Amino acid sequence: MNNYYLNPGLPQPVATPLDEPYWTGLRNNQLLVQRCEQCNTWQWGPEWICHQCHSSDLIFTATPTQGIVYSYERVWHPVHPALLDQLKNNGAYLVVLVELPQAGSIRMLGNLLGDPHQQVDIGARVEGVYEHHEDAEPAYSLLQWQLK
Amino acid sequence: MANAAAAIHAGIADTVVVFRALAQGQFGRFGQGLRRNTIAGDFAHTIPYGVMSPAQMFAMKVVRFMHDHGVAQAALRAISLASYHHAQANPRAVMYGRPLDEQSYDDSRWIVEPFHLYDCCLENDGAAAMILVSAQRAKDMPNKPCYVLGAVAGSQYRAGASVHNTPDYASSSFKTLAPRLYDMAHVQPKDIDVLQSYENFTGGVLMSIVEHGFCEPEACNEFFVKENFISPTGDLPLNTSGGNLAECYMHGLGLNLEAVRQIRGESTSQVKGADVSMVISGPMVTPVSSCIFGSEATL
């Protein structure tokens, strides 16, 4: 058994030169997202240039994992064999889109930990939880969310 | 459609065939998740969290829109019921002979909230094609001509921003396009006799209809009722062939064919004297497109 929110077997993330600092940060319990050194715009997902001022001077910057639920979805129908048993047993899983007010209100996507049938309120405060997949090859980490 | 019409207008082409053919049985289902061991790039930030099918990619836009404007589930249901209603008159429809009522919709399983099974397009094989020529040449052809009054394609600011970071998130992506379409076609929403609106999911239709100016966002619960969408009596007959939900999912090209049938008077759910016929394509993705067809009387 493991403590992962979703059962193993989905495609596992692999870093690219563009987002490598982000994935390395998660391994170290740190959330690093892009911020423009020129105009201070926060940016997510990762891009090669700043969408605001087009500078390439983007720095992966640490930010607290304090967020607000911007939207969510409760998924019932399995579209991948890895989730067949989980959905058969639990019925559903929850995905949240979380705004980070301390990072320019960029949005991060993850799962909402806890009962998959819990009520989810847009605007609810959540905090990040690092989910380390040590047994994966190579090991990687995800960022999940739980209600505050 | 816009590209085809522009190519003919510019003299680059005499005839353009627009087609779509699907053989998902042999070549893979769109609604299935990626089967591989690793994922890199934008999808690495969504797929490991179980967001990998189109329904899962779009549901959160619709949840946010319904939250912002107080839209009830019954609004989505009305869209589905209209499509299934019209399919019962259309012998070509996959769901011909398989009607849907409110109870069956409510009792159907969730795919991903807020989409029930009947909020999602079909998965089927098939093919559809349209032939576009100049208005002059069309006069020599055996069928009644149907004219492209306006056709647009595009999107809004940073609509393609990755990992669900598009600034205007709860949108079908038509806000900047719809005014250009009406300007080009020289018509207003009130002039539209019949509408085909692409249902990848009913929530896309909800936002498309709002963003094309048929209904204020705060009035959705009153506007999105089945009776309003039924041909020929509704104020806005919608998806009159059964559409992507109940006729055939041909990535929207079937909706364009139906829009032309309405102008020609050949629909199985014909709107009497339809002169202005509109198609909205591919909501919530980017870029999107929409088109207005007219009869000769509209020229």
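The rules we used
Residues numbered from 1 in each chain as written. Chains lettered and ligands numbered in written order. Predicted model: local features only at pLDDT ≥ 70, side-chain atom pairs only at ≥ 80, totals over all residues. Heavy atoms only, no water. Helix = DSSP H or I, 4+ residues; strand = E, 2+ residues; numbered from the N terminus. Expected span 1.5 Å × (residues − 1). Buried < 20%, exposed > 50% of the residue type's maximum accessible area, 1.4 Å probe, protein only. Contact = heavy atoms within 4.5 Å. Disulfide = S-S within 2.5 Å. Phe/Tyr/Trp six-rings, centres within 6.5 Å; stacked < 30°, edge-to-face > 60°. Lys NZ or Arg CZ within 6 Å of the ring centre and 35° of its normal. Pairing = 2+ DSSP bridges. Axes fitted to C-alpha atoms, helices over the stretch in contact; angles between N-to-C directions.

Draft legend 1. Structural context of helix α12 (residues 253-264) of chain B. All names here are of chain B. With twelve residues, α12 should cover 16 Å at 1.5 Å per step; its first-to-last C-alpha distance of 17 Å lies within 8% of that length. Of all twelve residues in α12, ten are buried; the element is thus mostly enclosed. Among all positions in α12, only L253, G254, L255, N256, E258, A259, V260, R261, Q262 and I263 are buried. Tucked into the core, α12 has its buried residues touching β1 (15-22), β5 (126-133), β7 (194-197), α11 (243-247), β8 (276-281) and β9 (288-294).

Draft legend 2. Structural context of the state of the cysteines. Going through the model one piece at a time under the given rule, you end up with zero disulfides over all chains. For C36(A), which is in no disulfide, the shortest distance to another cysteine sulfur is to C53(A) and amounts to 3.6 Å. On the basis of relative accessibility, which here comes to 0%, the residue C36(A) falls in the buried class. There is no disulfide at C220(B), and the cysteine sulfur nearest it, in C215(B), is 4.1 Å away.

Draft legend 3. Just the packing of aromatic side chains, in detail. Within this structure, the stated rule accounts for ten aromatic pairs over all chains. Between Y22(A) and W44(A), the ring centres sit 4.7 Å apart and the planes meet at 45°, which makes this aromatic pair tilted. Within this pair, whereas Y22(A) is found in helix α1 (residues 20-27), its partner W44(A) is found in the loop between β3 (42-43) and β4 (58-62), the two being separated by 22 residues in sequence. According to the relative accessible area criterion, Y22(A) is buried, its value standing at 2%. W44(A) gets classed as buried once you look at its relative accessible area, which sits at 3%. For the ring pair F58(B) and F201(B), a centre distance of 6.2 Å and an interplane angle of 55° mean the geometry is tilted. Taken together, the positions of F58(B) in helix α3 (residues 54-69) and F201(B) in the loop between β7 and α8 (202-211) put the pair 143 residues apart, joining distant regions of the chain. What makes F58(B) buried here is its relative accessible area of 11%. Site record: aromatic cluster; members linked through ring pairs are Y22(A), W23(A) and W44(A). Just above the ring of Y70(A) sits the side chain of R107(A); from NZ or CZ to the centre is 4.3 Å. Across the ring face of Y169(B), the terminal group of K61(B) is positioned such that the distance to the ring centre comes to 4.7 Å.

Draft legend 4. Spotlight on the sheet that holds β9(B). All names here are of chain B. Spatially, β6-β9-β8-β7 is the arrangement adopted by the four strands of the open sheet, whose pairing is mixed. At either margin of the open sheet sits one strand with a lone partner, and together these are β6 (147-154) and β7. Sheet twist, expressed as the mean angle between neighbouring strand axes with direction ignored, is 10°. Note that β6 and β9 share seven bridges and pair antiparallel. From the neighbouring strand, V148 faces β9, where its bridge partner is F293.

Draft legend 5. Broad picture of the environment of R109(B). Looking at where R109(B) falls in the secondary structure, it is placed in the loop between α5 (102-107) and β3 (110-112). Of the residues examined, R109(B) reaches a relative accessible area of 46% and is grouped as partly exposed. The spatial distance from the C-alpha of R109(B) to the C-alpha of V288(B) is 29 Å, given a sequence separation of 179 residues. Setting aside chain neighbours within four positions, we find R109(B) in contact with H77(A), H116(B) and L117(B).

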